[in-house]
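Here are the chains, one letter per residue:
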Amino acid sequence: MSENGLHRERPDLDQATERKIRTTAWFATGVMLSWNLGKRVAFALFPSLCAQQSEKQVAASNPSQLANSDRPSSSRASDLNLTLAHETHLLRRRRWGTFLVGCSFAASIAGFLLFFTAYWTGGSNQMLGGGLALFLSGWAAAFIFWAHLLTAHKEAVEPREDMQPPARDREEFEQAFCDGSRELQRRGLLKLITATGLGFVALTVVSLFRSLGFNPNNALYTTVWKRGQRLMTEDGKTIRADTLEPGSTVIVFPEESLGSEKAQTVLVRVDPSQLQLPDSRHDWAPQGNLAYSRVCTHAGCAVGLYLRTAHMLMCPCHQSTFDVLRGAQPTGGPAARPLPQLPLYVDSDGNLRAAGGFSTPPGPGFWGMPS
Amino acid sequence: MQIYLQQCAKCHGPTGEGISAAVTIAGPNLWAEDDPGRVMTALEVGPSHMPRFEYILSVAQMHAVSDYVAHTIAQIHLNGGDLSRGGELFRRNCAACHRTAVRGGGLVFVGTNAPSLTGKSAALIAGAIRWGPGPMPRFPPSVLSDHQVASIVDYIRYVQQPASPGGSALNWYGPVAEGFVAWVGVLLMIGIVMWIEKGGKG
Amino acid sequence: MIASIARWLDSRTRAAKFARSIMNHVFPDHWSFMLGEIALYAFVILVITGTFMALFFDGSSADVVYHGSYAPLVGVHMSSAYQSVLHLSFDVPAGLVIRQMHHWAADIFLGAIAAHLLRIYFTAAYRKPRELNWMIGLTLLLLAIANGFLGYSICDDLLSGAGLRIGYSILLSVPVIGPWLTFLAFGGTIPVSATIPRLFAMHIFLFPALIATLIGAHLALIWRQMHTNYPGKGRNDRVIVGSRLWPSYTLKSIGLFLFVFAVVAALGSFVQIDPVWIYGPFKADAILPGAQPDWYLGWIEGAMRLFPSVNTHFGKWLIPEVFFPGFLFPAVVFILLYAFPFIDKLISLDFRAHNVLRMPWEQPFNTALGCAVLAFLSVLFVAGGDDVIAVAAGAPLAWMRELLRYLAFAAPLLTGVVAYAICETIRRRRSRAIPAQPAEPFERSEVNVEMR
């Protein structure tokens, strides 16, 4: 209420004038602030502008304040020249330091602006990261220059704690522990309860593993392949005995599990006269159509490479090679076991079907793998 | 057709199968040359080892040859491919040897090498898919349809000069090159700490 | 201002005395003491960038169809995890640079840890009383390697899929418990929908928490035991020489943090890492060559490539060939590393505590051993990338791999012998130049202890 009253006591100031005064005041403040800021930045960047001033300051101040305490000030006359030279050196160093810190920080600001603009205008990855890198490295350099040139370096020496801890500490601890445990009654029972409880905790944790489904059961031994499954490509096309020409290849799956990792099979066709399959497999490759598991027996990658002329399947991960003509026996690289073969037959429609599962469990080896 | 058999079949074979560019003297496969304009240009300019037919054949004869090549010999029609589908097929059938960035090199262990596909023309790629030069398996129409081949070609053409939005692609060598760069970064950092401590006395 | 804040805080925590002792803590002035700090700051960057990415990443293998701005994958079926990585890379402002920074920071993190480990080894800083911190550091290295592998695996692209298959095979190959262990970790025969969420949870909760905790313990022990000092004038086991935390070391350390951040940002913006969009989504039937892990697993990859193809049977049971190079070999390497402070005690018969480092030439055997192991690992690293190197250099790979097999034995021997000879020479020359002096007598009054 009283404020309102005060305002009414100054009727000569109409609103327009008031606004004008306020604007002028703001403007003046702004000018003063920016002048001060600009002066500071300019002095920081170009220390020679304020050189005279600071030299006076140095002369006035006690030299030992600037100099390090590791170089104690001396009152001897012969040292006077040396001290002066050192002082000038320190001053130059400080000016140079201020300049470098200022430049680094200016670069940092430029980097930040680059990042900021790039971000808000949807700039490229290079602008964004480059701006960020410039911003951060400029800032970092400012700190390091500060540490190098604008900090009085002192080498500090501190004693370490004694390497041999006093035996008394330990004895006191043991004493305190024993005293405390003597206050416990029926200590045997406490131990039993704690041990049993911890055992139960362990059992609980192990039981929870069941939720994670850790029992492999038969999963490592079997695939969907069984007698009668038609061979299909991933998009569901059936494969006939003459779909492939000698020298071509296709990836097939059992019709019930298209796109399956474990059941993926590579079908290649070769000239039947070249086949060197063991006798037990003489009818596994009708018309030269050979099907092998496509999962490498070494480390489980897909055996993706087929060399038509060398009749060789190869795994791109560790360069194991398998001889297609001889039941995919390993011929090079680190794999030690052949790729499992899938026996095939041609049904009455001319489609290729599996005559059974793989000859051995597919995929990389494990402890219980039958050989 | 007469002219084709006389002039072109020596290198490109009577049905245009060539043996692709894997063997230097044999002419490229023409199965994918479904663009008469491109055949015309080849006849006039004579790319690579091919002779220039500008002065041997009349323009009308060249037109006849290019029509014959484009409409009778070309079996793969390279239009209407689907880029994404091509990518899937590429990763399934081709990437194992030619690498996902078509820079080749998958077969280096067995002494031969899957060539880099950068700079290869669409026709050459499509022809190689069907014909299977060198140790490369063949992909007959019963395995990959024309549309699928066209899609793969589209994808390969895209990946020949892929964008690398993240910066230098290190020639698409993958983690090995990245590891080297990471160590350059670590050594740079070590250089920086040396500067920070100016070596130091420890 | 500072005074009033300090008064406010001190009247509630009584921390002023403690804070003063912190500010006076002495750090040695030598660059090699900052290697571990690079790793620390890389970890900080990993946490910062990782938190940003976790807001966009979807750790699920649900099947989705891509409709983002990367044309060659539009309409392709992929896992939700892979799709969210594509979204982060192409459609989130600054997403790609953050993702690349995260990956580069991981590589630099491991590189700095390795450099730090080498410095500790070659100057025998693991001796009493620092054995415990040596072991914590090794555990950190193990966790960092594991978390790095988890990190690039959850992108669910074709390259990481190959890595996942190899990791799966290695775990599966462990005798007796392998299959159970594998199913526990991966949730079934991969690819299975349980894998990605499991790895993601471990990557962002379990392992970072463990790493952060152990970093805390590592630093606390360093603080308690203080840094070592290089030998020199005025250096002995009972003092520490260097500069104080405030202000010298604080400025340097902040500067270093910003520099690490800047280097990571520069790499993240100018060098592309892990371009998952070129690799494509993980599909069971797709594969690519050059399927290398990140560099810190390269030595295991190399061992797997060089190891001969042998079928080992234990009765009717099979020990697969990947078990030896993929599991046993790294396990032995780490067990030996863990035990090294104690092995060193047996070698040098020195059971005392030390705060002054032993220079490499003062311990020729250890240096030779370290160099030999380093040479062996280098051969393995080359072998791990041998197919890419062969392609880049145009060398025949089969021949190269035979050569590397011989080198794996020859290089360590040769390097070890040469290193031993060099160390002995330096040691002799030094002992001739500076006749052996009795250790400087230490008296507390002689030391200029600065009190501020």
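Residues numbered from 1 in each chain as written. Chains lettered and ligands numbered in written order. Predicted model: local features only at pLDDT ≥ 70, side-chain atom pairs only at ≥ 80, totals over all residues. Heavy atoms only, no water.

Per the secondary structure count, chain A includes eight helices and 12 strands. A buried classification covers 40% of the 371 residues belonging to chain A. Counting only contacts in chain A whose residues sit at least 6 apart along the sequence, the fraction spanning at least 24 positions is 56%. Working note: accessible area of chain A is about 21400 Å², and carbon and sulfur atoms make up 60% of it. (Helix = DSSP H or I, 4+ residues; strand = E, 2+ residues; numbered from the N terminus. Buried < 20%, exposed > 50% of the residue type's maximum accessible area, 1.4 Å probe, protein only. Contact = heavy atoms within 4.5 Å. Areas by Shrake-Rupley, 256 points an atom, 1.4 Å probe, with all protein chains shown as cover.)

Turning our eyes to something else, we now look at the overall build of chain B. Of the regular secondary structure elements, chain B holds nine helices and zero strands. Walking chain B from its N terminus toward its C terminus, one meets helices and strands in the order α-α-α-α-α-α-α-α-α. Across the 202 residues in chain B, those meeting the buried criterion constitute 53%. Taking the intrachain contacts of chain B between residues at least 6 apart in sequence as the baseline, contacts between residues at least 24 apart amount to 56%.

This brings us to unusual backbone geometry. Residue and element names in this part refer to chain C. P129 follows K128 through a cis peptide bond whose omega is 10 degrees. Its location among the elements puts P129 in the loop between α5 (95-122) and α6 (131-153). Cis geometry marks the peptide bond from W246 to P247, where omega comes out at 5 degrees. For P247, the position within the fold is in helix α10 (residues 245-270). Backbone geometry places A94, a non-glycine residue, at a positive phi of 65 degrees. The class for A94 is buried, based on a relative accessible area of 14%.

Turning next to the interface of chain B and chain C. Opposite the 52 residues of chain B that make contact, chain C presents 70 residues. Carbon and sulfur atoms supply 70% of the area buried between chain B and chain C, which totals about 4900 Å² over both sides. Across the salt bridge formed by D285 of chain C and R92 of chain B, the nearest N and O atoms sit 2.8 Å from each other. Our count for the contact surface shared by chain B and chain C stands at nine residue pairs in polar contact (both at pLDDT 80 or more). Only α5 (83-93), α6 (95-98), α8 (146-160) and α9 (175-197) of chain B provide two or more residues apiece to the side of chain B that touches chain C. Counting residues per element, the side of chain B that touches chain C draws most heavily on α9 of chain B, which supplies 18 residues. Taken together, the residues of the side of chain B that touches chain C sort by class into 31 nonpolar, 14 polar and seven charged. (Buried area = accessible area lost by both parts, 1.4 Å probe. Salt bridge = Lys/Arg side-chain N within 4 Å of Asp/Glu carboxyl O. Polar contact = N/O pair within 3.5 Å; in protein donor to acceptor, adjacent residues only side chain to side chain. Nonpolar A, V, L, I, M, F, W, Y, C, P; charged D, E, K, R; others polar.)

With that out of the way, let us pick up the state of the cysteines. Residue and element names in this part refer to chain A. Summed over the entire model, instances satisfying the criterion amount to one disulfide over all chains. Here C301 is linked by a disulfide to C317, with a sulfur-sulfur distance of 2.1 Å. An S-S torsion of about -85 degrees defines the bridge between C301 and C317 as left-handed. Taken as a pair, C301 in the loop between β5 (289-293) and β6 (305-307) and C317 in the loop between β7 (312-314) and β8 (321-323) lie far apart in primary sequence, 16 residues in all. (Disulfide = S-S within 2.5 Å.)

Glancing now at the environment of M314 of chain A. For M314 of chain A, the position within the fold is in strand β7. For M314 of chain A and A302 of chain A, which are 12 residues apart along the polypeptide, the C-alpha to C-alpha distance reads 9.2 Å.

Counting 185 residues, the largest nonpolar core has L267 of chain A together with I38, L73, F109 and L256 of chain C as the members making the most contacts within it. Per-element tally for this core: the top contributor is α5 of chain C, with 17 residues. The residues touching L267 of chain A, leaving out its near neighbours within four places in the chain, are L231, I239, L244, S248, T249, V250, V252, N289, L290, A291, L344 and L352 of chain A. Counting residues in each nonpolar core, the second largest holds 39 residues, with Y292 and L313 of chain A together with Y279 and L288 of chain C among its members. (Core = buried A, V, L, I, M, F, W, Y, C linked by side-chain atoms within 4.5 Å.)

With that settled, the discussion passes to the interface of chain A and chain C. At the junction of the two partners, chain A supplies 68 residues and chain C supplies 98 residues. When chain A packs against chain C, the two sides together hide about 6700 Å² of surface, and 64% of this comes from carbon and sulfur. Sorting the residues of chain A by area buried against chain C places E158, R160 and W367 of chain A first, and these three jointly supply 15% of that buried surface. Put simply, chain A and chain C have three salt bridges between them. As a salt-bridge pair, R244 of chain C and E158 of chain A come within 3.3 Å of each other at their nearest N and O atoms. In this structure, the connection of chain A to chain C is made through 25 residue pairs in polar contact (both at pLDDT 80 or more). When residues of the side of chain A that touches chain C are assigned to their parent elements, the largest contribution, 16 residues, is made by helix α6 (residues 125-149) of chain A. Here the side of chain A that touches chain C is built from residues that sort into 36 nonpolar, 22 polar and 10 charged.

Moving on: the sheet that holds strand β2 (residues 231-232) of chain A. Hydrogen bonds between backbone atoms are what pair the strands of a sheet, whose relative direction is either parallel or antiparallel. Residues and elements named next belong to chain A. Spatially, β2-β3-β4-β5-β10 is the arrangement adopted by the five strands of the open sheet, whose pairing is antiparallel. The two strands at the open ends of the sheet, each matched to only one other strand, are β2 and β10 (341-342). Pairing geometry for strand β4 (residues 265-269) and β5, over five bridges, is antiparallel. Within the sheet, the bridge partner assigned to V266 lies in β5 and is Y292. (Pairing = 2+ DSSP bridges.)

In this section: the pattern of salt bridges. Any two side chains of opposite charge can pair, on the condition that their charged atoms come close. Under the defined criterion, the tally for this structure stands at 29 salt bridges over all chains. Between D323 of chain A and R326 of chain A there is a salt bridge, and its shortest N-O distance comes to 3.1 Å. Within this structure, E301, R305, D386, D387 and R401 of chain C form a network of salt bridges that share partners.

Another aspect to go through is helix α12 (residues 298-306) of chain C. All names here are of chain C. Counted residue by residue, α12 has nine buried out of nine residues, so it is predominantly covered. Buried residues of α12: G298, W299, I300, E301, G302, A303, M304, R305 and L306, and no others. Buried residues along α12 sit in contact with α7 (158-172), α13 (323-348), α14 (364-384), α15 (386-393) and α16 (397-433).

With that settled, consider a nonpolar patch on the surface. All names here are of chain A. Nonpolar side chains collect at one region of the surface, where F105, I109, F112, L113, F116, Y119, W120 and W139 lie side by side and expose about 800 Å² of accessible area between them. The element best represented in the nonpolar patch is helix α5 (residues 80-120), accounting for seven residues. With respect to the helices and strands, the residue L113 is situated in helix α5. (Patch = residues over 30% accessible without salt bridge, like charges linked within 9 Å, V, L, I, M, F, W, Y side chains within 5 Å.)

Attention now goes to the packing of aromatic side chains. Residues and elements named next belong to chain C. Considering all chains together, one arrives at 41 aromatic pairs over all chains under this definition. Where Y70 meets F90, the ring centres are 5.1 Å apart and the plane angle is 15 degrees; that geometry is what we call stacked. Placement of Y70 in the loop between β2 (63-65) and β3 (77-79) and of F90 in helix α4 (residues 80-90) is noted, with a sequence separation of 20 residues between them. Note on W295 and F381: the rings are 6.0 Å apart at their centroids and 40 degrees apart in plane angle, and the pair reads as tilted. In this pair, W295 sits in the loop between α11 (276-279) and α12 while F381 sits in helix α14, placing the two residues 86 residues apart along the sequence. For W295, a relative accessible area of 12% puts it in the buried group. The class of F381 is partly exposed, set by a relative accessible area of 30%. (Phe/Tyr/Trp six-rings, centres within 6.5 Å; stacked < 30°, edge-to-face > 60°.)

Remember, this is a structural readout, not a statement about activity or role.
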